[in-house]
Amino acid sequence: MEEEIDALVIGAGFAGLYQLYSLRDRLGLSTRLLEAGDDLGGTWYWNRYPGARCDSESHAYRYFFSKELNEEWEWTERYPGPPEILKYLGRVAEKFDLRRDMRFGCRVVSARYDEGANRWVVETAAGERYAATYLVAAVGCLSSANVPDIPGLRDFAGQWFHTGRWPHEGVDLAGKRVGQIGTGSTGIQAAPVIAQSAAHLTVFQRTATYSVPARNAPLTPEFNRWVRENHAEIRAVAESTPNGHAFRIADRNVADVTPEERRAIYEAAWEKGGLQFRATFRDLLVNQAANDTACEFIKGRIRAIVRDPETARALADVDHPYATKRPPIDTGYYETFNRDNVTLVDLRADPIECIMPRGIRTRSREHALDVIVFATGYDAMTGALLAIDIRGREGRSLRDDWRAGPHTYLGLQVPGYPNFFTITGPGSPSVLTNMPVAIEQHVEWITGCIAHLRRNGIDAIEPDPEAVRRWDAHVEEAANATLLSKAKHSWYYGANVPGKPRVFMPYAGGLARYRAICADVAAKGYEGFLLGRTPVARSASMGEFAEARGVGV
Ligand code: NAP
């Protein structure tokens, strides 16, 4: 027997919580939220690895929708860690009485659109069923852990963990020989902390990257007072910048300043720390020569910090422009390689051949290990959605429809899947932004859209395939207009998961521009969307759409 509701939300992170609140308390819809984890928190529920910390500055890493919540909540550090973020989300759930409509330990395995009833029938791993008119996937962009298929892993006699599934009780690494595979944002946060307790840490690096110090610090009462008094301004900045952070990108090009001025600007940004380094010049992500200056500066810093010349060379041997892979920020990452108990293995020179019962064998030698830490990232943006068997009209399957890469309109809806919405889905700025700001915009747009449907007696909405085609092309064009397209091996292109189609997934046109596009679409009566159920007309256009991509319906 199904539980009948108006709306179902999947996922209890920042996105799901706000969507539940918005649909239930603003629109008065009966709404349930299903979450696979045993509590709320989304990415912060799962990511408890050593050194885990948010890379966005806390004063803008929050919801802005509630003045009251803003006034009562104060962060303690420049970058909050999982316990504090979980406390924040817990407070949000308590304040808005969300838990009564949340179900934990419920992994959604399938969602099927029943066209006759205009309902989504959703089933969990335990066999519970829900039927809802609206289905919102708030499943996160970086939640489907990517454990590489390295031969021998099953025979490893020690312990192994993926950072995104870190045991909540912690792992005692004291006295252990730890091997860490991966040096992305996660690995760069984890290594310095692991090195403090492990007997030895071996870091296996496949692609070197550029990291800038985070410079985390406790927040002063003065700063917190300033935050309390300036929420509106902080929000206005975050909502009007390309990345949703509460800092503006400098209005100057690299060539506008002298080499001495440029160096001073980079030095000041390095000292200040954080993702703001990327905002020092407006052309860093569009002009290779400009970008080269940032690369050279950071490489110079790496060489100055790391004492062993060979280790410094490998760490500074970066093969892509700065910030074309997600730029990490760190707390003592490069300094960690000056410790006696830390070794770097450059996998470009000495690739992993297999995992042995007692360690990892690279081409040149065996590395004895007790613990392997996979900081190897995620099947990003599409992984968590495709883990669910999602079936739209006429039984079409999202897994088939996205075989050649995701197709969405605005990252919000998929053609052939009426009343199904994705929060920060592929085709939206999402992972290129400070997530809560992008999430708020999506949740509010979806809520406004559903309100429009109900006000006007419209029973269904889905995108027009033609609008999807145009949006897909625009997403590609936006990436190609930046240097992001020069790092084809990034997870933005799905390159970290073998066999995944190489399509640039997020929208690189900037959050502010994207907001304006979404607002305009809504103002024009949801231009580019098909309103109401008109199956015959739609079937024809869907056939055409699938044909154009060479995918069978
Ligand atoms: P990631 O950026 O995908 O990095 C994964 C690392 O593992 C890369 O160094 C990758 O090398 C390596 N790797 C993957 N498969 C491998 C294999 N088979 N053999 C050897 N090395 C392998 O993943 P992540 O560091 O977890 O970060 C993912 C994203 O999560 C970030 O970009 C960021 O958006 C987000 N994040 C945010 C925060 C925060 O705000 N606090 C913290 C962490 C992560 P290649 O580069 O060669 O593929």
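Since this is a predicted model, take the numbers as computed values, not measurements. (Residues numbered from 1 in each chain as written. Predicted model: local features only at pLDDT ≥ 70, side-chain atom pairs only at ≥ 80, totals over all residues. Heavy atoms only, no water.)

Ordered by their spatial adjacency, 3 strands build an open sheet running β13-β14-β15, and the pairing between neighbours is antiparallel. Every interior strand has two partners, whereas the edge strands, β13 (352–356) and β15 (366–368), have only one. On average, each strand axis in the sheet is inclined to that of its neighbour by 20°, with strand direction left out of account. Sheet topology places β13 next to strand β14 (residues 359–362); 4 bridges connect them, and they run antiparallel. Residue pairing in the sheet places Ile 352 in a bridge with Thr 362 of β14. (Pairing = 2+ DSSP bridges. Helix = DSSP H or I, 4+ residues; strand = E, 2+ residues; numbered from the N terminus. Axes fitted to C-alpha atoms, helices over the stretch in contact; angles between N-to-C directions.)

What follows is about the domain arrangement of the protein. What the domain assignment reports for the protein is domain 1 (2–144 + 380–546) and domain 2 (177–374). Relative to domain 2, the C-alpha centre of domain 1 lies at a distance of 29 Å. The junction of domain 1 with domain 2 conceals about 3700 Å² of combined surface from both sides, 54% of it contributed by carbon and sulfur atoms. Per-residue buried area on domain 1 facing domain 2 is highest for Asp 55, Arg 78 and Leu 483; these three make up 19% of the total on that side. (Domains from an automatic or database assignment. Buried area = accessible area lost by both parts, 1.4 Å probe.)

Ranked by internal contacts, the top residues of the largest apolar core, which has 79 residues, are Tyr 63 and Trp 445. Within the residue set of this core, elements represented by two or more residues are β1 (2–10), α1 (14–26), α4 (82–95), β6 (129–137), α7 (231–240), α14 (435–455), α15 (465–480) and α16 (511–523). Broken down by element, this core gets its largest block of residues, 9 residues, from α14. Inspection of this core shows a minimum of three residues originating in each of domain 1 (2–144 + 380–546) and domain 2 (177–374). Formed by 49 residues, the second largest nonpolar core is a distinct cluster that contains Leu 201, Ala 290, Ala 314 and Leu 315. (Core = buried A, V, L, I, M, F, W, Y, C linked by side-chain atoms within 4.5 Å. Buried < 20%, exposed > 50% of the residue type's maximum accessible area, 1.4 Å probe, protein only.)

What follows concerns α14. Between its terminal C-alpha atoms α14 stretches 30 Å, which fits the 30 Å expected from 21 residues at 1.5 Å a residue. Of all 21 residues making up α14, 16 are buried, and the element is well covered by its neighbours. Immediately beyond the C-terminal end of α14, within one or two residues, lies Gly 457, with a positive phi of roughly 60°. (Expected span 1.5 Å × (residues − 1).)

In this section: the packing of α14 against α16. Interhelical geometry of α14 versus α16 gives an angle of 0° and a closest axis separation of 11 Å. Taken together, α14 and α16 sit at an angle that is classed as roughly parallel. For the pair formed by α14 and α16, the contact residues are Val 437, Ala 438, Gln 441, His 442 and Trp 445 on the first element and Leu 511, Tyr 514, Arg 515, Cys 518, Val 521 and Ala 522 on the second. A class-by-class count of the residues in the contact of α14 with α16 yields 8 nonpolar, 2 polar and 1 charged. (Parallel < 35°, antiparallel > 145°, perpendicular 65-115°, else oblique. Contact = heavy atoms within 4.5 Å. Nonpolar A, V, L, I, M, F, W, Y, C, P; charged D, E, K, R; others polar.)

For the rest of this paragraph, the subject is the sheet that holds strand β8 (residues 177–181). Spatial ordering of the open sheet is given by β7-β16-β8-β9-β12, a layout of 5 strands whose pairing is parallel. Looking at the sheet topology across the chains shown, the edges are occupied by β7 (159–162) and β12 (342–346). Pairs of neighbouring strands in the sheet enclose a mean axial angle of 20°, with direction left out of account. Where β7 and strand β16 (residues 371–374) come together, 4 bridges link them in parallel fashion. Each residue of the ladder has a partner; that of Gln 159, found in β16, is Val 371. Across the sheet, helix α5 (residues 185–197) lies against β8, β9 (200–205), β12 and β16, angled at about 170° from β8, the strand it touches most.

With that out of the way, let us pick up the site of the ligand. In the neighbourhood of the ligand, 23 residues make up the surrounding shell, with Arg 53, Thr 186, Arg 206, Thr 207 and Lys 325 lying closest. Between the ligand and Thr 186 there is a distance of 2.6 Å, counted from an oxygen atom to a side-chain nitrogen or oxygen. Between Thr 207 and the ligand, the recorded distance is 2.4 Å, taken from a side-chain N or O atom to an oxygen atom. A total of 900 Å² of accessible area belongs to the ligand in isolation, and the protein chains cover 88% of it. The class makeup of the residues in the shell around the ligand is 9 nonpolar, 9 polar and 5 charged. Residue assignment places the shell around the ligand across two domains, with domain 1 (2–144 + 380–546) and domain 2 (177–374) each supplying three or more. (Near = heavy atom within 4 Å. Polar contact = N/O pair within 3.5 Å; in protein donor to acceptor, adjacent residues only side chain to side chain. Areas by Shrake-Rupley, 256 points an atom, 1.4 Å probe, with all protein chains shown as cover.)

A few words on α4. If you check α4, its first and last C-alpha atoms are 20 Å apart, about what 14 residues at 1.5 Å a residue would give, namely 20 Å. Among all positions in α4, only Pro 82, Glu 84, Ile 85, Leu 86, Tyr 88, Leu 89, Val 92 and Ala 93 are buried. Those residues of α4 hidden inside the fold are in contact with α1, α2 (43–46) and α3 (67–72). Directly after α4, the chain includes Asp 97, whose backbone phi takes a positive value near 50°.

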